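Architecture at a glance
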Amino acid sequence: MLTIPDSLITRLAEAKTVTVLTGAGISAESGVPTFRDAQSGLWARYDPHQLATAEGFASNPKLVWEWYEWRRQIISKVRPNPGHVALAEMERLFPKYSLITQNVDALHERSGSKDVIELHGNIHRNKCFVEGIVIDSWPSDDSVPPRCPRCSGWLRPDVVWFGESLPLAALAHAELSAMTCEVFLSVGTSSQVHPAAGLADAAKAAGAVIVEINLEKTPLTKTADYSLRGKAGELLPALVTAIGSQSAERKTGSE
Ligand code: OAD
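Cut-offs applied
Sequence positions are assigned chain by chain, starting from 1 and proceeding in written order. Reporting of local features is limited, given that this is a predicted model, to residues whose pLDDT is at least 70; pairs of side-chain atoms are given and counted only at 80 or more, and all residues count toward the totals for whole chains, interfaces and linings. Hydrogens and waters are ignored; side-chain quantities use all the structure's heavy atoms. Domain borders in the structure are assigned automatically or taken from a domain database. Simply put, the buried area is the total loss of 1.4 Å probe accessible area from both parts when two parts are fitted together. The salt bridge criterion pairs a side-chain nitrogen of Lys or Arg with a carboxyl oxygen of Asp or Glu, the two atoms within 4 Å. Nitrogen and oxygen atoms within 3.5 Å of one another constitute a polar contact, given that in protein one can donate a hydrogen and the other can accept it, and given that sequence-neighbouring residues count only through two side-chain atoms. Side-chain atoms within 4.5 Å link the members of a nonpolar core, which is a set of buried Ala, Val, Leu, Ile, Met, Phe, Trp, Tyr and Cys residues. Remark: exposure states derive from per-residue accessible area (1.4 Å probe, protein chains only) relative to the maximum for the residue type, with buried under 20%, exposed over 50%, and partly exposed in between. A run of DSSP states H or I qualifies as a helix once it reaches four residues; a run of E qualifies as a strand once it reaches two. Both are numbered from the N-terminal end. By definition, residues are in contact when any of their heavy atoms lie within 4.5 Å. What the arc covers is the set of directions going from the helix axis to the C-beta atoms. Any residue with a heavy atom lying within 4 Å of a molecule or strand is counted as near it. We get accessible surface area from the Shrake-Rupley algorithm with a probe of 1.4 Å; when it comes to residues, only the shown protein chains can shield them. Side-chain classes follow a simple rule in which Ala, Val, Leu, Ile, Met, Phe, Trp, Tyr, Cys and Pro form the nonpolar group, Asp, Glu, Lys and Arg form the charged group, and the remainder, Gly included, forms the polar group.

Some thoughts on the domain arrangement of the protein
As far as domains go, the protein holds domain 1 (1-31 + 80-120 + 166-255) and domain 2 (33-77 + 126-159). Together, the buried faces of domain 1 and domain 2 total about 730 Å²; carbon and sulfur atoms form 63% of this surface. Area buried by domain 1 at its contact with domain 2 is led by Ala24, Gly31 and Val104, which between them contribute 40% of it. In this assembly, domain 1 and domain 2 are joined by zero salt bridges. Summed over the shared surface of domain 1 and domain 2, the number is one residue pair in polar contact (both at pLDDT 80 or more).

Below you can see the structure in the form of structure tokens.
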């Protein structure tokens, strides 16, 4: 039985500006592995220094490219889940709505969300390791990774690796959305990786109500105004339904 406090539903039904930050947990119910789950998380089975740093790529580009190919294949076979769909539906509920994600799987876009702020890039895109320019196509040959058609440098996935800066425009947009919202929802993220993890703190400092949806406690739990413990794919659709009903009742009441 999912319990969502009435006061939270009322606050959301009144809100004009809502910002959401998602992490790997939103895609877990689609079958995409998270990073820090003790058993099934990617970083429990693979070394992030080898697979998610520029140094790791430079020392073994084939290994890193093939690991991302494997992840791309997993992602291409899965579908958005009810949590993604509920977040896309929220666009209709709030006059100003921003969806920020740390995920690189593009499942938000596939479920119909528009203007998603991708903080950590997109695994379906590639860029030149030397020039940093996004490359859409390259001559097919046996090279693994493929080579940049401009400079012959290696191509790499356009995702943010450890030690790299986040895309500036996306980060600026995310920070503004966090600092100007009335309600900030943090969904399915361990709230351990900065700067994304700092967005909830920035929202809180600017006066927003902080709502966390997660299976477990995180470092954000103690500062969150509401901490909903459960699956995003169940809690988010329930939240959307409850907000919709309350908004409809208000409309009827005011007629
Ligand atoms: P993590 O793997 O660190 O955390 C996933 C969170 O989702 C955990 O707190 C889980 O408890 C929670 N969770 C799992 N299933 C859930 C479900 N069905 N409903 C709700 N919550 C659920 O993933 P992120 O916080 O996204 O960065 O990790 C942040 C960044 O660290 C990633 O973007 C990635 C990684 O290294 C890069 O690759 C740059």
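Observations regarding the nonpolar core
Ranked by internal contacts, the top residues of the largest apolar core, which has 31 residues, are Leu12, Val18, Met90, Leu185, Ile213, Leu236 and Leu239. Looking at this core, the elements with two or more residues in it are α1 (6-14), β1 (17-22), α7 (82-93), β2 (96-101), β7 (183-187), β8 (209-214), β9 (226-229) and α11 (232-254). Ranked by residues supplied to this core, first place goes to α11 with seven residues. Ignoring sequence-local partners within four residues, the contact set of Leu236 consists of Ile26, Gly83, Ala86, Leu87, Met90, Leu185, Val187 and Ile213. Judged by nonpolar contacts, the second largest core, of 19 residues, contains Leu119, Ala170, Ala174 and Ile210.

Structural notes on helix α10 (residues 198-205)
Among the residues making up α10, those that are buried are Leu199, Ala200 and Ala203. For α10, the angular spread of the buried residues around the axis is 100°, confining them to a single face. On the buried face of α10, the contacting elements are β1, β2, α9 (168-179), β7 and β8.

Considering the site of the ligand
In the vicinity of the ligand there are 23 residues, among which Glu29, Arg36, Thr189, Ser190 and Asn214 approach most closely. Phe35 places a polar main-chain atom, nitrogen or oxygen, 2.7 Å from an oxygen atom of the ligand. Here His120 contributes a side-chain N or O atom positioned 2.8 Å from an oxygen atom of the ligand. Compared with its free state, where it exposes 790 Å², the ligand has 92% of that area covered by protein. Residue classes in the shell around the ligand are distributed as nine nonpolar, 10 polar and four charged. When residues are assigned to domains, the shell around the ligand turns out to be shared by domain 1 (1-31 + 80-120 + 166-255) and domain 2 (33-77 + 126-159), each giving three or more.

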